[in-house]
Amino acid sequence: MSKELITGAEALMRSLQAEGTTTIFGYPGGCIMPVFDALYDYTRPENPIFNHVLVRHEQGAAHAAEGYARTSGKVGVCLVTSGPGVTNTITGIADAMMDNTPIIVIAGQVGTPAIGSDAFQEVDLVGITQPISKWSYQIRKPEDIAWAVSRAFYIANTGRKGPVVLDFPKNVQTAKFEYEPQTVDFIRSYTPYPTPAADQIDKAAELINGAKKPLVLVGQGVELAEAREELKQFVEKANLPFASTMLGLSAMPSNHPLNKGMLGMHGNLGPNVKTQECDVIIAVGMRFSDRVTGRPSNYAKQAKIIHFDIDKTEFSKNIPADVCILGNCKETLPMVTKLLIENNHNEWIESFKQYDQKEYDKVISAEVHPTTGPLKMGETIAKVTKATGNKAILVTDVGQNQMMSVRYFKFTEPHSVVSSGGLGTMGFGLPAAIGAAIGAPDRTVCFFTGDGGLQMTIEELGTIMEQKTPVKIILLNNNYLGNVRQWQEMFFNHRYSFTPMMNPKYELIAKAYDINYELVTEREKLDAAIDKMIKTEGAYLLEVAVIEEVDVLPMTPPGANVDEMLLEIKR
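Predicted model only: the values in this text are computed from it and were never measured.

(A) Structural detail: the nonpolar core. Of all hydrophobic cores here, the largest spans 46 residues; its most connected members are F409 and F448. For this core, the two domains that each supply at least three residues are domain 2 (198–350) and domain 3 (374–545). Judged by nonpolar contacts, the second largest core, of 38 residues, contains V77, I145, A156 and V184.

(B) Up close: the pattern of salt bridges. The tally for this structure, following the rule as stated, stands at 20 salt bridges. Between E522 and K525 there is a salt bridge; the shortest N-O distance is 3.9 Å. For E522, a relative accessible area of 37% gives the class partly exposed. Within this structure, R160, D311, E314 and K317 form a network of salt bridges that share partners.

(C) Representation of the sheet that holds strand 11 (residues 259–262) in the model. Read from one edge of the open sheet, six strands run 11-10-9-12-13-14, paired in parallel fashion. Looking along the sheet, the strands with just one partner apiece sit at the ends: strand 11 and strand 14 (323–326). On average, each strand axis in the sheet is tilted by 15 degrees relative to the strand beside it, whichever way the strands run. Across four bridges, the pairing between strand 13 (residues 304–309) and strand 14 is parallel. Looking at the pairing, I306 lines up with V323 of strand 14. Against the sheet, helix 11 (residues 228–237) contacts strand 9 (214–218), strand 10 (242–244) and strand 12 (280–284), and its axis sits at roughly 170 degrees relative to strand 9.

(D) Quick peek at the sheet that holds strand 16 (residues 417–418). Ordered by their spatial adjacency, six strands build an open sheet running 16-15-17-18-20-19, and the pairing between neighbours is parallel. A strand with exactly one partner marks an edge of an open sheet, and here the two such strands are strand 16 and strand 19 (516–520). Where strand 19 meets strand 20 (residues 540–545), five bridges bridge the pair, whose relative direction is parallel. Across the sheet, residue V520 finds its bridge partner in strand 20, namely V544. Most of the contacts of helix 19 (residues 429–439) go to strand 17 (residues 445–450), to which it runs at about 180 degrees, and overall it touches strand 15 (393–396), strand 16, strand 17 and strand 18 (471–477).

(E) Fine view of the layout of surface pockets. Of the volumes computed, that of the largest pocket is approximately 1,000 Å³. What lines the largest pocket is a set of 49 residues, among which D99, L247, R287, G421 and G422 lie closest to the centre. Among the elements of the structure, helix 10 (221–224), helix 13 (290–293), strand 13, helix 14 (329–337), helix 18 (400–408) and helix 22 (482–491) are those that each provide at least two residues to the lining of the largest pocket. If you add up the space inside the second largest pocket, you get close to 590 Å³. Contributing to the lining of the second largest pocket are 26 residues, with S254, G261, N268, R407 and K410 lying nearest its centre. In terms of residue count, helix 16 (residues 353–368) provides more of the lining of the second largest pocket than any other element does, five residues in total. Tallied by class, the residues present in the lining of the second largest pocket amount to eleven nonpolar, ten polar and five charged.

Definitions and limits used
Residues numbered from 1 in each chain as written. Predicted model: local features only at pLDDT ≥ 70, side-chain atom pairs only at ≥ 80, totals over all residues. Heavy atoms only, no water. Core = buried A, V, L, I, M, F, W, Y, C linked by side-chain atoms within 4.5 Å. Buried < 20%, exposed > 50% of the residue type's maximum accessible area, 1.4 Å probe, protein only. Domains from an automatic or database assignment. Salt bridge = Lys/Arg side-chain N within 4 Å of Asp/Glu carboxyl O. Pairing = 2+ DSSP bridges. Helix = DSSP H or I, 4+ residues; strand = E, 2+ residues; numbered from the N terminus. Axes fitted to C-alpha atoms, helices over the stretch in contact; angles between N-to-C directions. Contact = heavy atoms within 4.5 Å. 1 Å grid on protein atoms, 1.4 Å probe; cavity = no way out; pocket = protein on both sides within 12 Å on 5 of 7 lines; lining within 4 Å. Points joined across faces, edges and corners; volume = space filled by probe spheres on them. Nonpolar A, V, L, I, M, F, W, Y, C, P; charged D, E, K, R; others polar.

Structure representation (C-alpha cells):
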C-alpha cells in the first residue's frame with residue numbers, strides 16, 4: 001500500500017504538532033507562503049490545532065517567543081519569511097542565545113536552484129546565525145523535514161537551552177513526498193546531561209561543610225532546570241545564605257529568610273560586599289558575567305569557588321573555579337545536599353544586616369517611601385508588586401526601568417522574571433510581555449518600560465489589540481534615555497548628548513489601539529490608579545510621570561571591584 005503524499009509545508013505542520021506546539025508567533029511573506037497556506041487549515045475555528053499570533057514586526061515574533069518560552073516552559077516557535085523577514089529576528093536569536101531561551105525560528109528561503117544567485121530576498125541565513133544559535137540548518141529535501149524539526153526541538157530544549165534556526169527553501173515546502181514521522185532523542189557527540197564526577201561532588205561537600213562564611217550565588221540555570229525545590233533543600237540543610245543574578249531572582253521567594261537579594265552592578269549592597277568577605281562561593285547555574293563580578297582580577301580572591309553548571313565551557317571562563325560540578329543542577333544539587341551536615345551560620349548571616357540597613361537608609365527609603373517631590377520609579381514598582389500580592393510575572397524592557405524593577409519587584413512564584421539579560425535589548429519588553437501572557441494565561445503580567453524602549457517596538461500594541469492580550473503596561477516616563485543619561489552624568493561631565501526624549505501623547509496612542517489608559521502625575525492618585533489597572537480586564541497602559549533626572553543606586557562603577565558600590569552620586 002502506497003503511503004500518503006503530502007507537501008513539505010504540510011509535513012512541517014504535522015512535525016510541529018508532533019512536538020506539542022500549540023502557539024506560533026509569525027508574519028507571512030513570499031518565501032514562506034506555502035507554509036502559511038498549510039497553516040490555514042490548522043488554525044480554523046472548527047479545528048484550532050495551533051494559535052498563530054500575528055505580530056507587527058518579525059523582531060516582535062522572536063521576543064514574543066522568548067517571553068512565551070520563559071513562562072510556559074515550552075519551546076517558543078517563530079515563523080517568518082526570507083531576507084528582511086528573518087534578518088529582523090536576528091536580535092531575538094542573539095538575545096535567546098545569551099539568556100539560554102529555547103526558541104525555534106523557521107524561515108522561508110528562496111528555492112534551492114536560486115540559492116547563491118542573489119535572488120530577491122535571499123540571505124545566507126545559516127551563515128548569519130551559526131555564531132548566535134545552538135544549531136542552524138537548511139532543509140534541502142522534504143524527507144529531512146520531520147528529522148530536522150524533531151532535532152531542532154531536542155537541541156533547543158535540552159542541556160544549556162537556546163535558539164535553533166531552520167532555513168526552509170520554498171521548493172522544499174511545495175514538493176510532495178511520502179511523509180514519515182521521526183523522533184530525535186540522541187545526537188552523537190551531543191551530551192546534554194553529562195554524568196557528574198563523584199570526586200567533584202565529594203570535594204564540594206567537604207568545602208561547604210568546612211566553610212565559615214559560605215555564600216550561594218543563584219542563576220537562571222536553577223529556573224531552567226526546574227530545580228527550585230532542590231535548591232531550597234540545599235540552602236536550608238546547611239543554613240547557606242544566597243543571592244541571585246537578575247534572571248535568577250524568582251528561583252526562590254523574595255521573602256525567604258536566607259535570601260540576601262540581588263547580585264551585580266545595581267544589586268544589593270550586602271551580597272556584593274560579602275562576596276569579598278566569604279570563604280566559599282557556591283555558584284549554581286550562573287556564568288559570572290561582568291555585571292556580576294565587577295573587576296574580575298579582584299573578584300573574591302579570598303574564596304574557594306564551587307561552580308555548578310550544565311556547560312563545561314563556563315568553568316573558569318571568567319572566574320577560576322576550584323571545584324567544577326558538571327551536570328543538571330536538578331540532579332547535582334541533591335547529590336551534594338545528601339553529603340552536607342546541618343550547620344549554623346547565624347553570625348555570618350546576621351552580618352549582612354548592617355549593609356541592608358545602610359542601603360535602606362541611603363537609597364531605598366527615599367526611592368520607595370518618598371513623601372514629597374516628583375513620583376519615583378521605585379515607589380511605583382513597590383506599589384504594583386504589592387497590589388498583585390507579589391505573585392505577578394515581571395517583564396521589563398532595558399534601562400533604568402529594568403534595574404529599578406528587578407530591585408523593587410518581589411516574587412513568590414517561579415518563572416516570574418522575563419527580561420533581556422546578556423544582550424540588554426531595548427524593545428524586548430513589549431513583545432516579550434505578549435508572549436509571557438500567552439504562555440501563562442492564568443497569571444498577571446506586569447510590564448515595566450521606559451519611554452525609549454517602548455517606542456522601539458510600539459507597533460506590537462497592534463498585536464495586543466488583536467489578541468486581546470491582558471498585559472499591564474507601566475510606563476515609567478522620565479523623558480530621557482535614562483540609563484545612558486545616568487552614565488553621561490557620572491562619566492561624561494553631564495553632557496547629555498541625545499538622551500532627552502520628545503515623547504508622543506501616549507493617551508492618543510492607547511486610544512488608537514483600544515487599550516485602557518491613565519496618566520498619573522500626583523502621588524496621591526497613584527494607589528487608586530494601580531488598583532484600577534489591576535482590576536480592569538484586558539490590557540492597560542498606566543503612564544507614570546516620574547522624576548526626570550534620577551540615578552539607579554547602589555551602583556558598582558565599571559572597572560571597580562564588586563564591593564565598591566556607590567550609594568550616592570554628587571551632582
